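So the chains spell out like this:
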Amino acid sequence: MSSYDAADTATRVLVLNSGSSSLKYQLLDMRNGSRLAVGMVERIGEKTSRLVHTLPESGGDSSDGDSSGGDSSGGDGGRERTGRFADHAKALEAVADELAHDGIGLDSPELAAIGHRVVHGGLGFSEPTLIDDGVLAEIERLVPLAPLHNPANLLGIRTARALRPDLPQVAVFDTAFHTTMPEYAARYAIDTATADAHRIRRYGFHGTSHAYVSRRTAELLGKDPSEVNVIVLHLGNGASASAVAGGRCVDTSMGLTPLEGLVMGTRSGDIDPAVTFHLRRVAGMSVDEIDELLNKKSGLVGLCGDNDMREIRRRIDEGDERARLAFDIYIHRLKKYIGAYSAVLGRVDAVAFTAGVGENAAEVREAAVAGLEALGLAMDAKRNAVRSGEPRIVSPDGARTVVAVVPTDEELEIARQTFALIGEDRPAIA
Ligand code: ADP
């Protein structure tokens with residue numbers, strides 16, 4: 001474990017989020033959670049891949065170090081490279097080059113660890129986990145549960161390990177926060193033997209965000225997470241709700257896959273499972289076609305042709321009926337989950353809105369809370385209209401249940417959990 005020796009000076013964590021054809025990364029300094037570099041490579045393996053690299057904490061200026069970056073070109077406060085990155089290894093090498101160019105390369109002694117986002121950790125991974133061959137094999141075993149995501153995550157891990165085999169690498173699982181769900185919330189009411197044979201149960205996703213936001217919400221209330229019950233509404237392109245009691249998740253809206261629950265950008269969310277039999281038997285669609293219909297062509301995009309809430313609001317303002325109905329269906333489902341989780345929690349101290357829609361769309365927050373006064377929810381229109389990147393309360397003073405906007409930060413949470421794991425004695429930042 002000689003790599004841990006540089007503990008006092010090694011305060012940086014590289015966070016990697018590896019998709020099937022993309023690699024997103026952030027380099028964070030855990031002394032204060034600041035970003036030293038943020039970027040992504042997209043279209044890996046295609047004819048023209050693109051790497052965008054920025055240095056946010058230095059105002060996006062990438063001028064330290066000479067500019068001998070080959071085909072690097074100046075861009076909006078960052079550098080952009082196009083060319084072909086045949087695979088994830090080539091993409092990560094290019095990222096390493098960019099970081100080295102800025103004097104913050106993968107070989108610098110300040111780098112303490114790499115934290116990897118892994119989508120599916122099954123039931124076994126309830127905590128961030130130091131990666132070794134056994135852990136890799138276990139993530140591989142979970143591929144049937146996340147056939148699109150886990151192979152891509154594995155690719156990122158294997159590539160990073162090849163580049164820095166001596167460095168601690170940590171897997172942070174999207175499902176981990178939800179492993180505290182009681183059996184009665186996690187199990188579907190189907191034949192137990194069939195469910196167990198095929199590992200069919202509700203796992204939940206977006207866990208890193210739900211963990212971060214529920215904790216930040218407690219902070220906003222000036223309380224310890226163990227003292228508060230929070231409903232977290234993560235409303236991005238994918239969307240999920242969770243009920244968090246005293247810091248532990250007791251229910252969440254996504255299930256075996258991210259398809260269940262709220263209406264999303266392109267996913268249907270909750271649906272009578274018999275719709276799928278009907279599509280197969282009556283409409284003659286294949287299983288793959290149904291999968292694509294429900295995951296890619298449903299939700300807001302299926303209802304009105306747009307999945308961007310800004311565009312939907314614009315169309316509503318112009319009197320577009322389809323956009324109006326899509327919005328109303330989205331809100332109706334959201335309200336049902338707020339009501340359901342109020343019942344699950346018994347007492348709700350706060351409802352926290354987060355992610356792209358939750359943080360930015362004041363109309364969604366207003367409509368979701370409207371009429372729920374009996375549940376203790378109310379909105380202060382002026383506070384709700386304020387645009388800010390900070391956690392903030394948007395309900396009136398004295399409301400029984402606080403309504404809050406709490407920007408999520410999954411990369412910071414992955415870095416925080418990674419850093420805490422590799423040096424238990426180091427101070428963890430908030
Ligand atoms: P994901 O990470 O799931 O791709 P995000 O959390 O980034 O999604 O959210 C993306 C969504 O946020 C967009 O599809 C858009 O609908 C919504 N969004 C972003 N900015 C605004 C805004 N100013 N007003 C309303 N919706 C917004």
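The model shown is predicted, which means the values in this text are computed figures rather than measured ones.

Visitor: Break down the sheet that holds strand β10 (residues 229–235) for me, with residues and values.
Guide: What the six strands build is an open sheet, ordered β12-β11-β10-β13-β15-β14; its pairing is mixed. On the outer flanks of this sheet lie β12 (248–252) and β14 (392–393), each paired with one strand and no other. Two elements, β10 and strand β11 (residues 239–245), share seven bridges in a ladder whose sense is antiparallel. The partner of L235 across the bridge, within β11, is A239. Set on the sheet, helix α6 (residues 207–220) makes contact with β10, β11, β12, β13 (350–354), β14 and β15 (402–405); between it and β10 the angle comes to about 130°. Contacts between helix α13 (residues 362–369) and the sheet are confined to β10, β13, β14 and β15, with β13 contributing the most and set at about 150° to the helix.

Visitor: For the nonpolar core, give the residues involved together with the corresponding values.
Guide: Counting 42 residues, the largest nonpolar core has L233, L235, M309, Y330, L334 and V364 as the members making the most contacts within it. Of all elements in the fold, only β10, β11, α9 (299–304), α10 (309–317), α11 (321–345), β13, α13 and β15 reach the threshold of two or more residues within this core. Counting 32 residues, the second-largest nonpolar core is a separate cluster that includes V172, A350, A404 and I422.

Visitor: I'd like a rundown of the site of the ligand, residues and numbers included.
Guide: Near the ligand you find 13 residues, and of these N237, M309, R310, G356 and N360 are the closest. A distance of 3.0 Å is found between an oxygen atom of the ligand and a backbone nitrogen or oxygen belonging to N237. Residue V357 places a main-chain N or O atom 3.4 Å away from an oxygen atom belonging to the ligand. Here the ligand, which alone exposes 580 Å², has 66% of that area covered by the protein. Contributing elements (two or more residues each) for the shell around the ligand: α10 and α12 (355–360). Counting residues per element, the shell around the ligand draws most heavily on α12, which supplies four residues. Residues belonging to the shell around the ligand are distributed by class as follows: four nonpolar, six polar and three charged.

Visitor: Outline the packing of α11 against α13, listing residues and values.
Guide: Where α11 meets α13, the axes come as close as 9 Å, and the angle between the chain directions of the two elements is 55°. When the interaxial angle is binned, α11 and α13 end up oblique. The chirality of how α11 crosses α13 is right-handed. Residues F327, Y330, I331, L334, K335 and I338 of α11 lie in contact with α13, whose contacting residues are E363, V364, A367 and A368. The residue inventory of the contact of α11 with α13, partitioned by class, reads eight nonpolar, no polar and two charged.

Visitor: So what about the packing of aromatic side chains? Which residues, and what values?
Guide: Applying the stated criterion to the full structure yields two aromatic pairs. Centroid distance F125 to F173: 4.3 Å. Interplanar angle 10°. Geometry classified as stacked. Of the two residues, F125 is situated in the loop between β7 (111–118) and β8 (129–130) and F173 in strand β9 (residues 169–173); the sequence distance between them amounts to 48 residues. Pair check on accessibility: F125 and F173 agree, each one buried. Each ring, one from Y337 and one from Y341, has its centre 5.6 Å from the other, and the planes form 75°; the classification is edge-to-face.

Visitor: Outline the side chain of R35, listing residues and values.
Guide: With respect to the secondary-structure elements, R35 resides in strand β3 (residues 34–42). A distance of 2.8 Å separates polar atoms of two side chains, one belonging to R35 and the other to Q26. Within the local environment of R35, its side chain forms a polar contact with the side chain of D409, the two groups lying 2.5 Å apart.

Visitor: An account of α10 is needed here, citing residue identities and associated values.
Guide: Those residues of α10 lying buried are M309, I312, R313, R315 and I316. Taken around the axis of α10, the buried residues stretch over an arc of 160°, which confines them to a single face. Turned more than 90 degrees away from the buried face of α10, the exposed residues are R310 and D317. At the C-terminal side of α10, G319 shows a positive phi close to 90°.

Visitor: Let's hear about the pairing of β13: which residues, and what values?
Guide: With respect to burial, β13 is a largely interior element, five of its five residues being buried. Burial of β13 is two-sided: the residues A350, A352 and T354 facing one way and the residues V351 and F353 facing the other way are all buried. As paired strands, β10 and β13 are joined by five bridges and run parallel to one another. When the sheet's bridge partners are listed, V232 is paired in β13 with A352. In this sheet, β15 lies alongside β13 in parallel orientation, the contact comprising four bridges. Bridge pairing links V351 to V403 in β15.

Visitor: Account for helix α3 (residues 149–163), with residues named and values stated.
Guide: The end-to-end C-alpha distance of α3, which contains 15 residues, comes to 22 Å, matching closely the 21 Å that a straight helix rising 1.5 Å per residue would cover. For α3, every residue scored as buried is listed here: N150, A152, N153, L154, G156, I157, T159 and A160. In the core, the buried residues of α3 are packed alongside β1 (12–18), α1 (88–101), β7, α2 (133–141) and β9.

How each quantity is defined
Residues numbered from 1 in each chain as written. Predicted model: local features only at pLDDT ≥ 70, side-chain atom pairs only at ≥ 80, totals over all residues. Heavy atoms only, no water. Pairing = 2+ DSSP bridges. Helix = DSSP H or I, 4+ residues; strand = E, 2+ residues; numbered from the N terminus. Contact = heavy atoms within 4.5 Å. Axes fitted to C-alpha atoms, helices over the stretch in contact; angles between N-to-C directions. Core = buried A, V, L, I, M, F, W, Y, C linked by side-chain atoms within 4.5 Å. Buried < 20%, exposed > 50% of the residue type's maximum accessible area, 1.4 Å probe, protein only. Near = heavy atom within 4 Å. Polar contact = N/O pair within 3.5 Å; in protein donor to acceptor, adjacent residues only side chain to side chain. Areas by Shrake-Rupley, 256 points an atom, 1.4 Å probe, with all protein chains shown as cover. Nonpolar A, V, L, I, M, F, W, Y, C, P; charged D, E, K, R; others polar. Parallel < 35°, antiparallel > 145°, perpendicular 65-115°, else oblique. Left-handed = near helix turned anticlockwise from the far one by under 90°. Phe/Tyr/Trp six-rings, centres within 6.5 Å; stacked < 30°, edge-to-face > 60°. Arc of directions from axis to C-beta. Expected span 1.5 Å × (residues − 1).

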